[in-house]
Amino acid sequence: MPKRALQFYYLALLSGLVLHGVTLVFTFEGTYDAFVHLFFADHYAENWFETWDYKWYAGFTITSYPPLVHQVIALLSKVVGLKGGFLIWSFFIILVFIRGVFHFSRIWVDDRAAAYAAVLAVFSTSFGEALHIFGQLPSITGIALLLNACPELYYWLRYNQPHRLLTGLSLLAVTSTAHHVTTIFGMVFFVLPTLGLAVMNRCAARIGSEDDIHFKDIFTEVIRVLPRVIVFGILVILITVVVIFPYWYWSKSDPIAQVPIPHGSRDSYLEVLSSGLVFFLIPWGMMLFFLPFLFRELFRKRNIFLGLSITLAFLLGTGGTTPLPQMMLGETAFNILTLDRFTYWATLLALPFWGAFFFELIEGSYRDYLERRTGVFFHRFLVGTLVAGVVISALVVINFQNIRATQPAKIAIDPIVNFMARDKHHDWRYLTLGFGDQMAWLSANIDALSIDGNYHSVRRLPEMTSRAVERLENAKYLGMEGINSLQEFLTIPEKYRLKFIFSNDKFYDPLLFFAGWNKVQQLENNIVVWEKPDIPTLPSVLPRKNIPIYQRLMWGLIPVSCLILALVLNGWFSMRSFGQESSSRMATVLATKGQYWGVYTLWLLGLAVGIAGFSAYKGYQNLDQVSPQNVIDAYFNRLDFKDFPKAYTYFNPDTRPSLDQYLMELSLEGGILSSYAKLDALRTTYQKGDHPGELKAEIEASWLTALHYYQTKHTITLTQRGLFWYIEPFQLEKRTPPDQFVRIPAIDFFSQGKRKALADKVEKRDILDRPDFYILSAALVERSGQYAVIGEAINTDNDPGYLTLEAVMYNRQGQELARYNARDAISHMLYPKESTTFRVDFTALRPPVPVTDSVPHSFVVFARSMVAAEGYYKNTGLQQVRVDSNTQHMQGEVINYGARQIIVPQLLLSYYRPDRKLLWVEPLYLSGGIRPQRQKAFDHPLPDLGDIRVIQWGNDDNLRINGVPRQEYRQTLQIPLDVQRYPAAPFILKDDLWVNIKVIAQMAALSDES
Amino acid sequence: MLIYIALLVNLACSADSPAPDSATPQGRILLTDSLFQAGILTSIYARADTARADKSWLLIWSDALGDTPVTGSWRNDTLVFSIPRNLCSHSGRVQLSLTSGGQVADQRFLQLTPAAPEGVVETYVGPKTITVSSGQRAMVVAIPKDAFGNPVATGTVVTFSLRYPGQSIVTRESLMDNLVSSILIPAEERKGQILVGATAGKASSVEEGIALTPAWPGQVSLEVESWVPFADPRQYVAVRTNPIVDALGNLVADGTLVQIVVREQEQVVGSYPGFTSNGVAQVHLQNPNHPADWEITAFANGKAEGPALRLGFVPYVVALAVTYLDEEKTLRIGPVKAPLGQLVTDDFPMEVTLQQQDQHYHFSVLTQDGFCSLSLPADFPAGIYRCSVMAGGQRISREIYIR
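K.L.:
Requested: an account of the overall build of chain B, with residues and values cited.
P.N.:
From N to C terminus, chain B includes two helices and 31 strands. Dimensions along the principal axes, computed over C-alpha positions, put chain B at roughly 135 × 55 × 30 Å. A total of 403 residues make up chain B; the buried ones form 45% of that total. Partitioning the intrachain contacts of chain B with sequence separation of at least 6 by distance along the chain shows that 58% fall at a separation of at least 24. Across chain B, the centroid of the 28 positively charged side chains sits 4 Å from that of the 38 negatively charged ones.

Structure representation (structure tokens):
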């Protein structure tokens, strides 16, 4: 091997370790997957042979993911901790990867080009992305080992060296234990082209010239080596099956049956530019500039197998941009596979030629061509530009998290760990919101169990597998599908023993509040703890799935044994051949003849000009104020991201108020849209304005909140000044109450909890009675094919009570069809003698056992109460409620006569017939907040209630309160509970429709109030 | 337990343990009585076949907690079994089995009776909250125990002392039965805390409490705390209830809901929840924006409305001028004056309607220093309009020509 090539190779190893090793320390915690792998590693560190993990999804089988990397980290963690183990294994794999690229390249190009390829591998954007953005250590481990296995197999077949088969197979075995998918697809994309090359080179050696090889020669050679290759194939299959047999057993016995999870790699990259950037442009990076050279080289005779492989991977890696990948893979595989891995493999397969290209450019015939045609300066300029591009693009990828945050800011988990450790909080499940992938790190450090998880393939709860929602934790990024899924879990938390939620995103606050969760405290790390009262603890014995003991032993022993065996074998043979250059290795000098250097140069320049031009054009197009639509989009986006000073700059400088005035008026607005919403879409129509150069824009904005979609309408006047458009300022709410100072009497409650500070015991004297409640009425109804239980309950006690209302629906045979709680169509906290209507929606039929008939026939309501110390804010009133005869909208005003600011007001609308029978209940959220001593108007279309069909009315038998039939309550309590008194003084909307309205107010934290 | 296991292992594994003798072992437990007090029985004697002296004689002590083997020792020709204190301190029925080589030679029964009550009487109360004069009753269960923790004997007298709110202490006795004694405590008429204690012999309980809470609120009447009798919708009427009591005169619990309803011409126009503090609920009602006669009532859920409070609101705006500035295409409203001759306060709402045949244009504006202006759009259709301005119960109307 040329000394210079060796120097380059060592330089590559060193620079790879320095560049990736140093930066990985700072980047790995921000990657998508690193913490997931640490979670798995923690599992092995705690119990090596245990194959069941209770911590996620009500339990899952750990054999669902190849274990090697996790087990190695677990072993290393005994010395350096989990994170240290992750980093040490990463450093090792970086070196293995560069070695693999070098040796893999040497079978395709000559040693100098291979050395270039090794150096370029360090700066590979696809490798950098996999390591520093995705954190896919098992996948990287797999590919690094596979790249090392390919040359072994090549030498085995090309030069009949049996020990190379042994070393190659040992590496493939380790690959399977690290990432089986790499082995399976690697056989097609990496190993087959390698063996094909061996066959071609055998032909060339036999015939004497590569150019004289014909198909017949190849066929003859294939027939000659076929028995060996078949044996090899069988061995690979056997090894792959045996080394991770428990995985195959799991996948067969517990197949993945869930709605496909959307992945950006299946998008059309032309339509979703962000996906195109992440899954195509970044991985290919600067390699896009050498594509003509690559494909020219690939479709030389000796490289044809690799050419087919890279072409196929390139095509599959384009995702949904063309229909071809879906046609090739079939719909099922297309929806399960993440297609970015094909691009990843294609870029790695192309590395040898990327190295060859640079070799030719820097010291080969391309250099000669350029110097001859364009002069030395241009050559040096081109080299400098490309080298700078390679380095800068690699640095950009490594620093991508700093450019565009892919994860929430780092969360200190100690306060959460401490919270769960005290007072037996780990007796319940918990859920995190807005943690990103850090939830996996929390799980690794906590004994408590989460109902969510970060490995969607093992989810088995129907509530999860029936929706295209990867995690509950990031529900807001998955639109209403994600929100609906989260809502289901928050509505029936007792089913999962879910008591605590750690929220790092106040977007979810309204949902949590109105679903009856109580904000307990804010931890030192600013994570807010929410708690659901009245949740039973986890049973002491949880269900689990056992696998045979021999599989546990296989899983615990084989992967690491394979690694040790591979290291010993490869080390042994490497030492034996150290310093001996394989004399029989055929020189694979790049064919410089037939190169189209001029075309490549034109492509280079054309692509550079094209990218620059396109960027400039898009940049101009996206200038905030260059068009009316741009300024509207920019304004709403700034509001969405709370960048109010920037939003202010879009107002007409001649007419806008001062920035201070604008910010003050904006701060007074409050409400769910300004504080807890995410802008989803804008639809704008334009009309001519009142003056020349003016436009009137009618804007319909769609906002996603944790509760539902909001549609708001805005009329904005736009003015053009020069090239740019501006928004004319508009009036925000402005009302001046009469009194500067207001006194409001208030009551407060406090529940001591444990009066004695005892850690592990609750004294019986500290357990409060469940407050007495009474269900006034209830009915199972059907409306537009949806089933619900509506009714009314009252707190008959003298303590404030927290009400959990559960309804169960049965078919005619008495089999349970569904069981849900009232979520936000209820007031969960009721003061003494306060009543609430409720609606329990059966959002899906989820019978616990298969049923013969799914037609609802009867129902039971279970009301459970607890003494509530959290006093809800109720200093609100309703006035001027009426129906607008033109619009058939119900209009009115909510007045906040108290002393605190309402952030999100909810109206619970209860419609009655004049005979006082409850017809329907619906929640209505006002989009704006209400400051103290002010009112807010509301306008709501009257629902069409003609299609409601009552299936069954509630009676004394099917209405149960704290486990006691309603009748017993009535007899004992002797309270005036005449249903005819409810509602006592409704607003009469029409002759046949009454409405009673209750205001439920989500409050700001005191510090948030203006 | 460890000794027991070791013994069993020893028995099972002992090299010289042959198959059980075919002959039934001969032995007899020597007991003069079958009734003992817990804790005093220290040893049990047995007469057994001395020919089997080399065999393992065991006394199996079977009580509610399980079977416990007791090894014996020979004293002359008598077997003596020392009974561990933890065995003989549990009251209840005990079966004694004298065994050897896995065969039972004799069986006897003992009855260990509890000793006299001592220490703390264990008490349970439920429910801890009952409503005055209702059918609800609380039960107090007391379990006096002896020095070994055994519930005292059936028939033992337990004395319960009760103190209802505002009453002197009364005592009630209950006999132990089925290991417990209990009394039912009915709800009386006065709210407060019922204090309960229990004693039996030298044993006493710690204090227990039962809350007697008020019954359903009675009728609610209202009084005005402060108000301004003008149709100024910025102002508030502060109303409060009388101290609300139940039918027995107890102040209702803090936080009890009282619904306050405003009617105008017999139609409900406002509904406000109020929550009691010391029996009184207070709410602020917003003044109407037009002259009106209000009828305000209050009630607790499930009860009839109390007597109505009537308030009349007169117009707040007494003078109002409207000018149309043709060149600026602007309506200028003001000065807007209130009953004292003062200008109305800032941000006072005004409703402006421009009507031309069937076309209505409606605008809302706010005053500033007693004036407000309404700039019409440049393309506002020209014509003669009837302009109506309404504010604070005052309405004026005039025709204007818009070019």
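K.L.:
Kindly report on the interface of chain A and chain B, identifying the contributing residues and their values.
P.N.:
Residue-level contacts link 50 residues of chain A with 54 residues of chain B. Both sides of the chain A and chain B interface together cover about 4,400 Å² of buried area, and 54% of this is carbon and sulfur. When the buried surface of chain A facing chain B is broken down by residue, A:Asn798, A:Lys833 and A:Tyr897 rank first, second and third, together holding 15% of it. In this assembly, chain A and chain B are joined by one salt bridge. Counting across the chain A and chain B interface gives 19 residue pairs in polar contact (both at pLDDT 80 or more). Broken down by secondary-structure element, the contributors of at least two residues to the side of chain A that touches chain B are β19 (876–884), β20 (889–896), β23 (934–941), α33 (966–973) and β27 (987–990) of chain A. Per-element accounting of the side of chain A that touches chain B gives the leading share, five residues, to β19(A). Of the residues contributing to the side of chain A that touches chain B, the split by class is 23 nonpolar, 13 polar and 14 charged. The pairing of β19(A) with strand β21 (residues 267–275) of chain B spans two bridges and is antiparallel. Bridge pairing in β21(B) links A:Gln879 to B:Gly270.

K.L.:
For the packing of helix α6 (residues 137–159) of chain A against helix α16 (residues 340–349) of chain A, give the residues involved together with the corresponding values.
P.N.:
Residue and element names in this part refer to chain A. Two elements in contact, α6 and α16, have axes whose closest approach is 12 Å; the angle formed by their N-to-C orientations is 35°. The way α6 lies across α16 gives a crossing that is right-handed. The residues of α16 that touch α6, namely those facing Ser139, Ile140 and Ile143, are Tyr344, Trp345 and Leu348. Classifying every residue of the contact of α6 with α16 by side-chain character gives five nonpolar, one polar and no charged.

K.L.:
Talk me through unusual backbone geometry; I want residue IDs and the actual numbers.
P.N.:
The step from B:Gly126 to B:Pro127 runs through a cis peptide bond, and the omega angle for that step is -10°. Mapped onto the elements of the fold, B:Pro127 is located in the loop between β9 (118–126) and β10 (129–131). Geometrically, the link from B:Gly334 to B:Pro335 is a cis peptide bond, its omega value of 0° lying close to zero. Along the chain, B:Pro335 falls in the loop between β26 (330–333) and β27 (349–356). With phi around 70°, A:Lys833 is a residue other than glycine that occupies positive phi space. The phi dihedral of B:Asp369 falls on the positive side, at around 55°, and the residue is not glycine. Examined against the element boundaries, B:Asp369 turns out to sit in the loop between β28 (359–366) and β29 (372–375).

K.L.:
Break down the confidence of the model for chain A for me, citing the residues and quoting the values.
P.N.:
Per-residue pLDDT for chain A has a mean of 89; in total, 97% of the residues score no lower than 70. For residues 583–587 of chain A, every residue scores under 50 in pLDDT, and the model assigns this stretch 10 contacts once sequence neighbours within four places are set aside.

K.L.:
So what about the packing of aromatic side chains? Which residues, and what values?
P.N.:
Summed over all chains, the structure comprises 82 aromatic pairs over all chains. Plain terms: the ring middles of A:Tyr65 and A:Tyr455 are 5.7 Å apart, the flat faces sit at 70° to each other, and that makes the pair edge-to-face. In this pair, A:Tyr65 sits in the loop between β2 (60–61) and α3 (68–106) while A:Tyr455 sits in the loop between β4 (449–450) and α23 (462–465), placing the two residues 390 residues apart along the sequence. In this structure A:Tyr65 comes out as buried when scored by relative accessible area, which is 14%. Relative accessible area serves as the criterion here: at 14%, A:Tyr455 is assigned to the buried category. Ring geometry for A:Phe507 versus A:Tyr508: centroids 5.3 Å apart, planes at 85°, classification edge-to-face. What makes A:Phe507 buried here is its relative accessible area of 3%. Aromatic ring contacts, followed pair by pair, group A:Phe290, A:Phe293, A:Trp354, A:Phe357, A:Phe358, A:Tyr366, A:Tyr369, A:Trp597 and A:Tyr600 into a single cluster. The ring of A:Tyr726 has A:Arg721 lying over it, and the distance from NZ or CZ to the ring centre is 5.5 Å. The ring of B:Trp216 has A:Lys833 sitting right over it, with the charged end atom 5.0 Å from the ring centre.

K.L.:
Requested: an account of the side chain of A:Ser450, with residues and values cited.
P.N.:
All names here are of chain A. Mapping Ser450 onto the fold places it in strand β4. Classification of Ser450 by relative accessible area gives buried; the value is 0%. From its side chain, Ser450 meets the backbone oxygen of Tyr430 in a polar contact 3.3 Å long. Of note is the side chain of Ser450, whose polar atom sits 3.0 Å from the backbone nitrogen of Asp452. Aside from chain neighbours lying at most four places away, what touches Ser450 is Lys55, Trp56, Tyr57, Ala58, Arg429, Tyr430, Leu431 and Met439.

K.L.:
Account for the nonpolar core, naming residues and giving values.
P.N.:
One finds A:Phe97, A:Phe232, A:Phe502 and A:Tyr911 to be the most contacted residues of the largest nonpolar core, which totals 327 residues. Once residues within four sequence positions are removed from consideration, A:Phe232 is found in contact with A:Leu153, A:Trp156, A:Leu165, A:Leu169, A:Leu172, A:Met187, A:Val191 and A:Leu195. By size, the runner-up hydrophobic cluster in this structure holds 26 residues, among which are B:Met350, B:Leu354, B:Phe380 and B:Ala391.

K.L.:
Break down the sheet that holds strand β22 (residues 918–925) of chain A for me, citing the residues and quoting the values.
P.N.:
Residues and elements named next belong to chain A. A sheet is described by the order of its strands in space; here four strands give the open sequence β22-β21-β28-β27, paired in antiparallel fashion. Each of the sheet's edge strands pairs with one partner strand only, and the pair in question is β22 and β27. Looking at each pair of strands side by side, their axes are set apart by 30° on average, direction ignored. As defined by bridge partners, strand β21 (residues 902–912) adjoins β22 across seven bridges and the pair is classed as antiparallel. From the neighbouring strand, Ser910 faces β22, where its bridge partner is Val921.

K.L.:
With reference to specific residues and values, describe the pairing of strand β11 (residues 724–727) of chain A.
P.N.:
Residues in a regular strand project their side chains so that they alternate between the two faces of the sheet. Residue and element names in this part refer to chain A. Two strands pair when backbone bridges link them, and strand β10 (residues 709–721) and β11 are joined in this way by four bridges, in the antiparallel orientation. Along β11, the bridge assignment pairs Arg721 with Phe724. A loop of two residues connects β10 with β11, the two strands running antiparallel in sequence, and Gly722 in this loop sits at a positive phi of about 65°.

K.L.:
Please give an account of the confidence of the model for chain B that cites residues and values.
P.N.:
Residue and element names in this part refer to chain B. Looking at chain B as a whole, its pLDDT mean stands at 87, while 93% of the residues score no less than 70. pLDDT under 50 marks residues 1–21. Its contacts with residues more than four places away, or in other chains, come to 12 contacts. Reported for the predicted complex are a pTM of 0.87 and an ipTM of 0.82.

K.L.:
I'd love a proper account of the pairing of β21(B), names of residues and values included.
P.N.:
All names here are of chain B. Counting buried positions along β21 gives eight out of nine residues, so the element sits mostly inside the fold. Pairing geometry for strand β20 (residues 257–264) and β21, over eight bridges, is antiparallel. From the neighbouring strand, Ile260 faces β21, where its bridge partner is Tyr272. Taking the residues that link successive antiparallel strands as the turn, the β20-β21 hairpin has two residues, and the phi of Gln265 there is positive, at about 50°.

K.L.:
An account of the side chain of A:Gln487 is needed here, citing residue identities and associated values.
P.N.:
Residues and elements named next belong to chain A. For Gln487, the position within the fold is in helix α24 (residues 479–491). For Gln487, a relative accessible area of 4% puts it in the buried group. Excluding its chain neighbours within four sequence positions, the residues that come into contact with Gln487 are Leu511, Ala706, Leu707 and Arg823.

K.L.:
Account for helix α21 (residues 414–421) of chain A, naming residues and giving values.
P.N.:
Residue and element names in this part refer to chain A. When we look at burial in α21, the residues that qualify are Pro415, Ile416, Val417, Phe419 and Met420. On its buried face, α21 sits against β3 (429–433), α22 (438–444), β5 (498–503), β6 (518–522) and β7 (528–531). With its phi angle positive at about 55°, Asp423 sits one or two positions after the end of α21.

Rules and cut-offs
Residues numbered from 1 in each chain as written. Chains lettered and ligands numbered in written order. Predicted model: local features only at pLDDT ≥ 70, side-chain atom pairs only at ≥ 80, totals over all residues. Heavy atoms only, no water. Helix = DSSP H or I, 4+ residues; strand = E, 2+ residues; numbered from the N terminus. Buried < 20%, exposed > 50% of the residue type's maximum accessible area, 1.4 Å probe, protein only. Contact = heavy atoms within 4.5 Å. Lys, Arg positive; Asp, Glu negative; His and termini not counted. Charge placed at Lys NZ, Arg CZ, Asp CG, Glu CD. Buried area = accessible area lost by both parts, 1.4 Å probe. Salt bridge = Lys/Arg side-chain N within 4 Å of Asp/Glu carboxyl O. Polar contact = N/O pair within 3.5 Å; in protein donor to acceptor, adjacent residues only side chain to side chain. Nonpolar A, V, L, I, M, F, W, Y, C, P; charged D, E, K, R; others polar. Pairing = 2+ DSSP bridges. Axes fitted to C-alpha atoms, helices over the stretch in contact; angles between N-to-C directions. Left-handed = near helix turned anticlockwise from the far one by under 90°. pLDDT = per-residue confidence, 0-100. Phe/Tyr/Trp six-rings, centres within 6.5 Å; stacked < 30°, edge-to-face > 60°. Lys NZ or Arg CZ within 6 Å of the ring centre and 35° of its normal. Core = buried A, V, L, I, M, F, W, Y, C linked by side-chain atoms within 4.5 Å.

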